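Each chain, letter by letter, is given below.
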Amino acid sequence: MSKQITIGPFHPELEESVYFKLEADENRVVTKVNVINGFIHRGMESLVTKKNFMQNLILTERVCSLCSNNHPFTYVLAAEKIAGVQIPLRAEALRVVADEVKRTASDLFNLSMLTHLAHEHDLMKDTLNTRELMQDLKESIWGNRMDMSVNQLTGVKYDLNDETVKTILDTATKVEERVLKLREDYNNSTSFKDKTVGVGVLPHKDALEIGVTGPVARGSGINNDVRVKAPYSLYAIRPELQPKVTLFEEGDVFARAMARFGDILEALRILKDVVSNLPDGKTYLEKRPHIPAGEAVVRTEAPRGELIYYLKTDGSQKPVRMRWKVPTFTNWEALKVMILGDKVDNVTMILNSIDPCISCTER
Amino acid sequence: MSIEEFNNAIKNKIPSGYELKEDQDSYGNSQAWITIREKKYALVVANAIKAFKGRCVVATAYKEQNSHVVIYHFDIDGVIINLQLKTNDSTIYSITPILKSADWAEREIREMYSVEPVGHPSNDRLFLDYGLAKGVLNEYISLSKMQMGVSDTDILWSKVKKEVKL
């Protein structure tokens, strides 16, 4: 006999508010999935049209905390494209530094939450302790553990010196050693693998059809990393920085976790390379640009996948329309495929494996 | 895939014509901007995207006087194809039956702008509660009005009154 089970919208195992209405059979296997959204909808796309271009830098950084650097980064790329501005090379490099630091911290946070939900508390503790090194780095250089306030129109708001470069290099080396050890521990933990291998499978065909991105796509054998497919910023100027993407065919929770390990190690490689070869020059253009009438579509690779911004302007100080789509917007729909036919007890872990960012998605 | 190849794939299939613009960012990434005159030919473009194994990344809508502009943003292996169309009767032809990746994008346009994607397989709301009227982005709505149910009617209070037993 089928049984109705609800999870959420507020539940200790959910990072953010989602409401699952499931039907399960007598073996607690999910036979029907219904996901109800909208608990964190804030009407931000309407709000940004009431703020000027400078104020929107602050607002976009607050769409969500985990990818808080990517939103203003992509937004300024769109505004700069309309204005026809080319920023200094040093600013391009500094933007990439901040981005890869955020990616490492974000992916490590997701992995620690995954091990928490899999009840692997030693792995969780080690992963969070490693992430803490990145948090301390953010705090020491940018003065904040989440919102780094890096981007501005025509450049960045911070600079690095020999001392801070050394701090980044030391931290990256230390984190890299620990991440390699962690990846080995995840692979050697039979209990973790028992709980994650073959769980929440997203087949390659479904992944293509739904259009998933980021580590979710990479876990199902698809490489649509924007840094590789449509490189921007320093990834375009120095193609050797483009990540060597790790792909898996299994499409399960374990594969997505391993894809994230690949992302973290590449992020650390890029980070070390960029800070060791920082170009000289200014960090921003002193002349504040006029944003003329126009429209632009720009995208970047956020920790969870492709982030796209559409910006339309009319020559005034405010956007006419601004629209953005975050990776979870499409990855979320894939949950229905992943959860169907799996155990009810695995639902929150499967949700976590897409690294959902619901604040970003609902805006 | 190049933009020229994509243009070749659609050029004989849209009798009422279209405009094609190409732009390139400072990093060398090209994008196509296709504006169709008749909205039904969005289906032709969607079929071509599918044939090239592309996906719908998202869609944008905005209001322009008495009509709505809808822009689909597609991706084919790193190249963005933007498809722009105008609708005067608040309906568009849903491309979700062709490209599943357009599902949420079209549903969001429906609830934010009250533009109906005709033929969309789902009638469910995406983010907004059924108590809120469709098309909340068509006009500026103050917070106090939003809390009253975004409507000229008393949706919220009728709901409350029904539940209150005097």
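Scroll up a little and you will see the structure.
What comes next concerns the included structure.

Criteria and cut-off values
Residues numbered from 1 in each chain as written. Chains lettered and ligands numbered in written order. Predicted model: local features only at pLDDT ≥ 70, side-chain atom pairs only at ≥ 80, totals over all residues. Heavy atoms only, no water. Helix = DSSP H or I, 4+ residues; strand = E, 2+ residues; numbered from the N terminus. Buried < 20%, exposed > 50% of the residue type's maximum accessible area, 1.4 Å probe, protein only. Contact = heavy atoms within 4.5 Å. Areas by Shrake-Rupley, 256 points an atom, 1.4 Å probe, with all protein chains shown as cover. Buried area = accessible area lost by both parts, 1.4 Å probe. Salt bridge = Lys/Arg side-chain N within 4 Å of Asp/Glu carboxyl O. Nonpolar A, V, L, I, M, F, W, Y, C, P; charged D, E, K, R; others polar. Polar contact = N/O pair within 3.5 Å; in protein donor to acceptor, adjacent residues only side chain to side chain. Pairing = 2+ DSSP bridges. Axes fitted to C-alpha atoms, helices over the stretch in contact; angles between N-to-C directions. Core = buried A, V, L, I, M, F, W, Y, C linked by side-chain atoms within 4.5 Å.

### What about the overall build of chain B?
Thinking step 1. Scanning chain B from N- to C-terminus turns up five helices and seven strands.
Thinking step 2. Across its three principal directions, the C-alpha atoms of chain B cover 70 × 30 × 30 Å.
Thinking step 3. The burial tally for chain B puts 51% of its 166 residues in the buried class.
Thinking step 4. For chain B, the share of sequence-separated contacts (at least 6 apart) that also reach a separation of at least 24 residues comes to 44%.
Thinking step 5. For chain B, the computed accessible surface area is about 8,500 Å², with 49% contributed by carbon and sulfur atoms.

### Focus: the interface of chain B and chain A
By convention, interface size is frequently given as the accessible area that disappears when the constituent parts associate.
Thinking step 1. On the side of chain A, 37 residues touch chain B, which itself brings 36 residues to the contact.
Thinking step 2. Taking both sides of the interface into account, the surface hidden between chain B and chain A amounts to around 3,300 Å²; carbon and sulfur atoms contribute 56%.
Thinking step 3. The interface formed by chain B and chain A holds six salt bridges in total.
Thinking step 4. In this structure, Asp23 of chain B and Lys81 of chain A form a salt bridge, with 3.4 Å as the shortest nitrogen-oxygen distance.
Thinking step 5. Split into classes, the residues belonging to the side of chain B that touches chain A amount to 19 nonpolar, nine polar and eight charged.

### Here we look at the environment of Ser276 of chain A
Residue and element names in this part refer to chain A.
Thinking step 1. Relative to the helices and strands, Ser276 is located in helix 12 (residues 253-276).
Thinking step 2. Put simply, Ser276 and Asp206 are 70 residues apart on the chain and 41 Å apart in space, counted from C-alpha to C-alpha.
Thinking step 3. Polar contacts involving the side chain of Ser276 include one to the main-chain carbonyl oxygen of Lys272, which spans 2.6 Å.

### Here we look at the sheet that holds strand 1 (residues 18-24) of chain B
Residues and elements named next belong to chain B.
Thinking step 1. If you walk across this open sheet you meet the five strands as 1-2-5-4-3, and the pairing is mixed. In the strand order of this sheet, the two ends are held by strand 1 and strand 3 (55-64), each with one partner. Across this sheet, the average inter-strand angle for adjacent strands is 20°, counted without regard to direction.
Thinking step 2. As judged from the seven bridges shared by strand 1 and strand 2 (residues 30-36), these two strands associate in the antiparallel manner. Across the sheet, Leu20 pairs through a bridge with Ile34, a residue of strand 2.

### Quick look at the nonpolar core
Inside soluble globular proteins, nonpolar side chains tend to come together where they are buried.
Thinking step 1. Residues Phe20, Tyr158 and Leu160 of chain A together with Tyr72 and Phe74 of chain B are the most contacted members of the largest nonpolar core, which totals 169 residues.
Thinking step 2. For this core, the element with the highest residue contribution is helix 4 (residues 89-117) of chain A, accounting for 14 residues.
Thinking step 3. In contact with Tyr158 of chain A, other than residues within four places in its own chain, are Leu94, Val97, Ala98, Ile141, Trp142, Val150 and Thr283 of chain A.

### Structural notes on the side chain of Thr127 of chain A
Residue and element names in this part refer to chain A.
Thinking step 1. With respect to the helices and strands, Thr127 occurs in helix 5 (residues 121-142).
Thinking step 2. There is a polar contact of 2.5 Å between the side chain of Thr127 and the backbone oxygen of Leu123.
Thinking step 3. Not counting residues within four places of it along the chain, the set of residues in contact with Thr127 comprises Leu108, Leu111, Ser112, Thr115, Leu182 and Tyr186.

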